[in-house]
Amino acid sequence: MNGDHAAPRLRLAVLGAGMASAPHLRSLADLSEEVEVGWVWGRDLARLKATPLPASARLTTRLDDVLGDPEVQAVLILTPPHLHLELAAKAAQAGKHVLVEKPLEVDLVRATALVQACAAAGVVLSVMLQHRLRPGAVALAEMLRSGALGEVLNAGAFVRWWRPQSYYDAPGRGTLARDGGGVLMTQAIHTLDLLLTLIGVPERVIGRASTTALHRMECEDSAAALLHYAGGLTAVLQATTAARPGYAERIEIDASLGTATLESGALTVHFAGGETVTAGASAGTGGGADPMAFDHAPHRAVLQDFVHAVRSGREPAVSGRSALAVQRVIEAVMASSRSGQAVALGPAPR
């Protein structure tokens with residue numbers, strides 16, 4: 001048994017318990033030998049009482065109950081994005097480590113402020129961009145790191161999902177003020193983040209975003225972009241929630257020694273010499289009318305990694321600073337769509 005498992009359970013508080021909390025709560029149940037939920041905070045006590053929560057958790061609508069508890073070591077923030085900065089900054093100031101649901105915040109300025117607040121307080125910050133820790137994605141990342149696939153020549157990320165109008169009728173959903181955007185910030189962010197983790201951040205972006213006639217919403221439900229890299233590599237992004245009945249998200253990478261396809265977590269690699277290698281398995285997508293129709297195992301992997309990072313003082317696998325990259329690219333796509341011009345990304349925020 002290693003030191004992580006021999007250590008006392010990490011006492012954690014959950015902030016927010018809406019629809020997105022389900023895979024997190026299942027993950028916490030799986031990790032009950034490593035994590036104890038001390039509090040669940042929300043603004044609506046009746047809603048909290050109606051949600052299946054860990055037996056160990058006390059319910060509260062007072063954030064001070066959580067932040068003032070010296071036994072609470074970390075918080076899991078599951079609120080809508082526009083509340084992330086405020087909650088994370090207060091938690092960090094109270095010495096609590098932070099794991100936050102994606103996206104970091106509604107825009108890059110607020111996301112950067114969140115990262116800086118946690119860094120200034122010296123607490124661990126991780127982000128629930130769980131596609132990075134799917135076994136197929138981990139295997140593909142290692143192939144690219146080791147050079148087994150050779151030089152990347154072309155790449156693409158495709159997210160063709162479906163959401164009914166009833167999904168967007170929920171108050172605040174698909175708005176700039178609450179969510180920071182539509183399909184890019186809420187759905188495609190996972191697949192785009194993984195693509196950027198695999199092949200890096202582009203130098204410039206040309207993008208187009210729009211709202212189809214199928215949805216009444218403030219933000220975009222369809223977007224496409226070309227990502228231009230140094231050396232001539234170009235990647236394609238296509239994202240929509242207007243593709244009935246919803247399809248598995250997919251990443252494709254053409255390289256000098258082989259071609260890789262990662263579809264809903266299942267990796268298939270065809271090497272130039274004729275060998276075919278597979279890894280991982282389909283994890284479900286949540287790409288149809290039911291947004292929660294997916295396996296929670298990747299959520300559990302991120303949460304467990306966060307626990308181990310807190311215990312050891314190391315950087316988590318999905319760090320807050322690394323999560324800024326996908327928000328930079330999304331903002332560039334939207335800026336390009338508004339201007340009709342290519343947008344250079346420039347240096348990463350410090």
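Throughout this document, residue positions are counted from 1 along each chain, in the order its sequence is written. This being a predicted model, a pLDDT of at least 70 is required before a residue's local features are given, and a value of 80 or more before pairs of side-chain atoms are given or counted; all residues contribute to the totals for chains, interfaces and linings. Hydrogens and waters are ignored; side-chain quantities use all the structure's heavy atoms.

(A) The packing of aromatic side chains, seen in detail. Here a pair means two rings of Phe, Tyr or Trp (six-membered ring of Trp) with centres within 6.5 Å. Their orientation is stacked below 30 degrees between planes, edge-to-face above 60, and tilted elsewhere. Evaluated as defined, the whole model comprises one aromatic pair. Counted as over-ring charges are cases with an Arg CZ or a Lys NZ within 6 Å of the ring centre that also lie within 35 degrees of the ring normal. Taking the ring centre of tyrosine 167 as reference, the NZ or CZ of arginine 163 above it sits at 5.2 Å. Over the ring of tyrosine 167 we find arginine 173, and its NZ or CZ is 4.3 Å from the ring centre.

(B) Expanded view of a nonpolar patch on the surface. On the surface, Ile206, Leu226 and Val236 cluster together into a nonpolar patch covering about 200 Å² of accessible area. Where helices and strands are cited, they refer to DSSP runs of H or I of at least four residues and of E of at least two residues respectively, numbered from the N terminus. The topology assignment puts valine 236 in strand β10 (residues 234–240). A patch consists of residues exposed above 30% relative accessible area that lack any salt bridge, with like charges linked at up to 9 Å and nonpolar side chains (Val, Leu, Ile, Met, Phe, Trp, Tyr) linked at up to 5 Å. Surface accessibility in these figures is a Shrake-Rupley result with a 1.4 Å probe; residues are shielded only by whichever protein chains are displayed. We define a salt bridge as a side-chain nitrogen of Lys or Arg found within 4 Å of a carboxyl oxygen belonging to Asp or Glu.

(C) How the structure looks around the layout of surface pockets. Residues are said to line a cavity or pocket when one of their atoms sits within 4 Å of a point; the points come from a 1 Å grid over protein atoms alone, cavities being sets where a 1.4 Å probe fits but cannot get out and pockets being open sets with protein on both sides within 12 Å along at least five of seven lines. Grid points are joined across faces, edges and corners, and a volume is the space filled by probe spheres set on the points. Empty space within the largest pocket amounts to approximately 1,000 Å³. If you go around the largest pocket, you meet 47 residues; those closest to its centre are Met19, Ala20, Leu78, Arg173 and Arg178. Where the lining of the largest pocket is concerned, the elements lending two or more residues are α2 (21–30), α3 (45–49), α9 (176–179), α10 (183–199) and α11 (297–312). The element contributing the most residues to the lining of the largest pocket is α10, with four residues. Polar here means any residue other than Ala, Val, Leu, Ile, Met, Phe, Trp, Tyr, Cys and Pro, which are nonpolar, and Asp, Glu, Lys and Arg, which are charged; Gly is therefore polar. Classifying every residue of the lining of the largest pocket by side-chain character gives 21 nonpolar, 14 polar and 12 charged. Put simply, the second largest pocket is a space of about 280 Å³. Forming the walls of the second largest pocket are 16 residues, and the residues nearest its centre are Leu176, Gly180, Gly181, Met334 and Arg338. At five residues, helix α12 (residues 320–339) tops the list of elements feeding residues into the lining of the second largest pocket.

(D) The arrangement of α2 in detail. To sort residues, take the accessible area from a 1.4 Å probe on protein chains only and compare it with the maximum for the residue type: under 20% means buried, over 50% means exposed, and anything in between is partly exposed. Turning to α2, its buried residues number three or more, namely Ser21, Pro23, His24, Leu25, Ser27 and Leu28. Against the buried residues of α2 lie β1 (10–15), β2 (35–41), β4 (74–77), β5 (97–101), β6 (125–128) and α11. Only heavy atoms enter the contact rule, under which two residues are in contact if any of them lie within 4.5 Å.

(E) Spotlight on the sheet that holds strand β9 (residues 222–228). Whether two strands pair comes down to DSSP finding at least two bridges between them. Here nine strands make up an open sheet; going across it, the order is β14-β13-β12-β11-β7-β10-β9-β8-β15 and the pairing mixed. In the strand order of this sheet, the two ends are held by β14 (276–279) and β15 (343–344), each with one partner. In the sheet, strand β11 (residues 250–255) pairs with strand β12 (residues 258–263) via six bridges, with the strands oriented antiparallel. Residue pairing across strands places alanine 255 opposite glycine 258, the latter belonging to β12. Only the stretch in contact is used when a helix axis is fitted, and all axes are lines through C-alpha atoms; the angle between N-to-C directions ranges over 0 to 180 degrees. Strands in contact with helix α7 (residues 135–146) are β7 (152–160), β11, β12, β13 (266–271) and β14; relative to β13, the strand with the most contacts, it is inclined by about 30°.

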